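Listed here are the chains, written in short residue letters.
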Amino acid sequence: MAQKSYNLFENTQQQFDRIADQLDLNQAARQLLRTPMREVQFSIPVRMDDGRVQIFRGSRIQHNDARGPSKGGIRFHPLEAMETIRALAMLMTWKTAVVDLPLGGSMGGVACDPHDLSPLELERICRGWVRQVVKNVGPDWDVPGPDLMTDSRHMLWMLDEYEAIQGSKRPGFITGKPVTLGGSVGRKESGGYGLMITAREALKDMHLDPAETKASFQGFGNVAQHAIDLYLRMGGTVSCVSCWDQADRTTYAYLKGDGINLEELRKITNPFGEIDQDRAVAFGYERLPGDTWIEQPVDILVPAAVENQITPGNVSKIHSMVKLIVEGANGATTPDAHSLLVERGLNVIPDLLANAGGFVCSYFEQVQGNMNYYWRRDEVLGKLDVHMTDAYLAVSEFAEDRKIDLRDAAYQIAVTRVTKACQERGWI
Ligand code: NAD
């Protein structure tokens, strides 16, 4: 059977329309919020190492900034479509709102494959991206940060270019910087830790002890590795992780029934989160096709790779033992699959809440950068825990009161907050 193709932006709009109906939003609010307020697309000419000039396409999309400066990642991906960037910008608006940060939502990217680019070429792309968007971004307007296949090196090159153009030091311009140069301690861990803080609270609601649970992860990048780190320290067991394999251009799942060894796997994983298959097998991991991560007999599934991974085509493969799904990747579940998960009575902590930890800590980095005063790691992670726990509890209480699922509750809270900000500003 041919696989249905999903357009993340259409999914995100459908999701919004459903919530707008539930909240009975007026026409102006619907029209304003279902599309981004501003979009820029541009070409970045880059001198390659062999002397050729290659043109890369870049973008920045600001969905809504009624609650404060926009905030959102920059992703480097060969198949980067504007529709995906649009969808993610909208998701960022809901994400900042659900965790109650005084920010709006944005997203940007460059269509490129970092696997095929040298560090110097990547630096030129980063600097070129800033030169193209300098008028549309800034600490008081729109603050970028890392996302898929971008990291602290890229953020620092971008900051350096921005400061050179502005003629002043502006560490609050970008987040995800190296800790030695204006980054926040705890930032790297925050996305994954945030996931597991919400999972910890959900397990409490479900009267389950984390130490008696098992999990399977899709993805073994920054988010997944740190989520696994905290989950293992909570006493949990991870029996499966899956990841992309660039050499074979496919995905693999690596299994160990009695639990993976995080440090061992990290040592054989490249910076793109790809596990060395031969060495994994030598360490005693069973290697299976990537999509088997979803079939594992575990209590918790954590999709932490890319969007559209839980679909109507694979919901039936989810093992009957699974009780909780924690969405690390944005748009991990398609809307048509979500209703099937609800029918099955599965608890799903939705992306906008579950993976907001990175955002919360990015906001902390922005605040620290703007005041040029930096907090200690325990202070950052303590504030992260309080913020994520409060956000989870607000959503779960709202869901309980109204007898709705966590996704609808999170969206209703977020959309209501953004609509109110737009109304109070007199926009609608
Ligand atoms: P990353 O680039 O560090 O890692 C991505 C991982 O996914 C890698 O292990 C890669 O091999 C794997 N992967 C890619 N395609 C796959 C596929 N089809 N099947 C299985 N594995 C696949 O990225 P990350 O920073 O860990 O982000 C993961 C997800 O979380 C993304 O969707 C991102 O948008 C989202 N997210 C990231 C942050 C953050 O702070 N980094 C915050 C919020 C959300």
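Read on for a plain summary of the structure. Everything numeric in this text was worked out from a predicted model, so none of it was measured.

1. Some remarks on the site of the ligand
For step 1, the next point in the chain: Inspection of the region around the ligand gives 25 residues, with Phe220, Val223, Trp244, Gly273 and Ala305 positioned closest.
For step 2, the next point in the chain: For the ligand, an oxygen atom lies 2.9 Å from a polar atom in the backbone of valine 223.
For step 3, the next point in the chain: In this structure, an oxygen atom belonging to the ligand sits 3.3 Å away from a side-chain N or O atom of asparagine 330.
For step 4, the next point in the chain: For the ligand, the protein covers 88% of the area, taking 830 Å² as the surface of the free molecule.
For step 5, the next point in the chain: For the shell around the ligand, the secondary-structure elements that each account for two or more residues are helix H7 (222–233) and strand E7 (237–245).
For step 6, the next point in the chain: If one sorts the elements of the shell around the ligand by residue count, E7 sits on top with 3 residues.
For step 7, the next point in the chain: Residue composition of the shell around the ligand, grouped by class: 11 nonpolar, 10 polar and 4 charged.

2. Overview of the pattern of salt bridges
For step 1, the next point in the chain: Per the stated rule, a full pass over the model turns up 32 salt bridges.
For step 2, the next point in the chain: Between glutamate 201 and lysine 204 there is a salt bridge whose closest N-O contact spans 3.0 Å. Remark: lysine 204 and glutamate 201 occur in helix H6 (residues 187–205); sequence separation between them is 3 residues, near one turn of the helix.
For step 3, the next point in the chain: Here the salt bridges do not stand alone but share partners, grouping Glu123, Arg127, Arg131, Asp160 and Glu161 into one network.

3. Let's talk about H7
For step 1, the next point in the chain: An ideal rise of 1.5 Å per residue puts 16 Å on 12 residues; H7 measures up with 17 Å between its terminal C-alpha atoms.
For step 2, the next point in the chain: All of the buried residues along H7 are Ala224, Gln225, His226, Ala227, Ile228, Asp229, Leu230 and Tyr231.
For step 3, the next point in the chain: Contacts made by the buried residues of H7 are with H6, strand E6 (214–218), E7, helix H8 (262–267) and strand E10 (300–303).
For step 4, the next point in the chain: Among the residues trailing H7, glycine 235 stands out with phi positive, at a value near 100°.

4. Observations regarding the environment of alanine 111
For step 1, the next point in the chain: Note on placement: alanine 111 falls in the loop between strand E4 (104–110) and helix H4 (119–133).
For step 2, the next point in the chain: The contact partners of alanine 111, leaving out residues within four places of it in the chain, are Phe56, Arg57, His77, Pro78 and Glu80.

5. Some points on the packing of helix H1 (residues 8–23) against helix H3 (residues 82–98)
For step 1, the next point in the chain: Look at H1 against H3: their axes get within 7 Å of each other, and the N-to-C directions meet at 35°. Crossing hand, H1 versus H3: left-handed. In this structure, H1 uses Leu8, Phe9, Thr12, Gln13 and Phe16 to contact H3, whose residues at the interface are Glu83, Thr84, Arg86, Ala87, Leu88, Met90, Leu91 and Trp94.

6. Considerations on helix H14 (residues 406–424)
For step 1, the next point in the chain: Taking 1.5 Å per residue as the helical rise, H14 with its 19 residues ought to reach 27 Å, and the 27 Å between its terminal C-alpha atoms agrees with that figure.
For step 2, the next point in the chain: The element H14 is extensively covered by neighbouring structure, given that 14 of its 19 residues are classed as buried.
For step 3, the next point in the chain: Capping the start of H14 is the job of one residue whose side-chain oxygen sits 3.0 Å from the backbone nitrogen of arginine 407: aspartate 405.
For step 4, the next point in the chain: Downstream of H14 by one or two residues, glycine 426 has phi in the positive range, about 80°.

7. Quick notes on the nonpolar core
For step 1, the next point in the chain: In terms of nonpolar packing, the biggest core is built from 87 residues, with Trp94, Met196, Phe217, Val241, Ile275, Val326 and Ile349 touching the most fellow members.
For step 2, the next point in the chain: Those residues within four positions of methionine 196 in sequence are excluded, and the remaining contacts are Phe217, Ala227, Leu230, Tyr231, Met234 and Val302.
For step 3, the next point in the chain: Core analysis: the next-biggest nonpolar cluster, separate from the first, contains 25 residues, Ile44, Phe56, Ile74 and Phe173 among them.

8. A closer look at the side chain of threonine 334
For step 1, the next point in the chain: If you trace the backbone, threonine 334 turns up in the loop between strand E11 (324–326) and helix H10 (335–343).
For step 2, the next point in the chain: By relative accessible area, which is 0% here, threonine 334 ends up buried.
For step 3, the next point in the chain: Polar contacts involving the side chain of threonine 334 include one to the side chain of aspartate 336, which spans 2.6 Å.
For step 4, the next point in the chain: Discounting residues that sit within four places of it in the chain, threonine 334 has contacts with Tyr6, Asn11, Asn308, Ile310, Thr311 and Pro312.

9. Here we look at the side chain of glutamate 161
For step 1, the next point in the chain: Note that glutamate 161 resides in helix H5 (residues 152–166).
For step 2, the next point in the chain: For glutamate 161, the contacting residues outside a window of four places in its chain are Arg127, Val130 and Arg131.

10. Topic: unusual backbone geometry
With the exception of glycine, most residues fall at negative phi, and the peptide bonds are largely trans.
For step 1, the next point in the chain: Phi angles above zero are rare outside glycine, and aspartate 100 is one such case at about 60°.
For step 2, the next point in the chain: Take aspartate 100: it is sitting in the loop between H3 and E4.
For step 3, the next point in the chain: Overall, aspartate 100 belongs to the partly exposed group, its relative accessible area being 46%.
For step 4, the next point in the chain: Although it is not a glycine, lysine 403 sits at a positive phi angle of roughly 55°.

Cut-offs applied
- Residues numbered from 1 in each chain as written.
- Predicted model: local features only at pLDDT ≥ 70, side-chain atom pairs only at ≥ 80, totals over all residues.
- Heavy atoms only, no water.
- Near = heavy atom within 4 Å.
- Polar contact = N/O pair within 3.5 Å; in protein donor to acceptor, adjacent residues only side chain to side chain.
- Areas by Shrake-Rupley, 256 points an atom, 1.4 Å probe, with all protein chains shown as cover.
- Helix = DSSP H or I, 4+ residues; strand = E, 2+ residues; numbered from the N terminus.
- Nonpolar A, V, L, I, M, F, W, Y, C, P; charged D, E, K, R; others polar.
- Salt bridge = Lys/Arg side-chain N within 4 Å of Asp/Glu carboxyl O.
- Expected span 1.5 Å × (residues − 1).
- Buried < 20%, exposed > 50% of the residue type's maximum accessible area, 1.4 Å probe, protein only.
- Contact = heavy atoms within 4.5 Å.
- Axes fitted to C-alpha atoms, helices over the stretch in contact; angles between N-to-C directions.
- Left-handed = near helix turned anticlockwise from the far one by under 90°.
- Core = buried A, V, L, I, M, F, W, Y, C linked by side-chain atoms within 4.5 Å.

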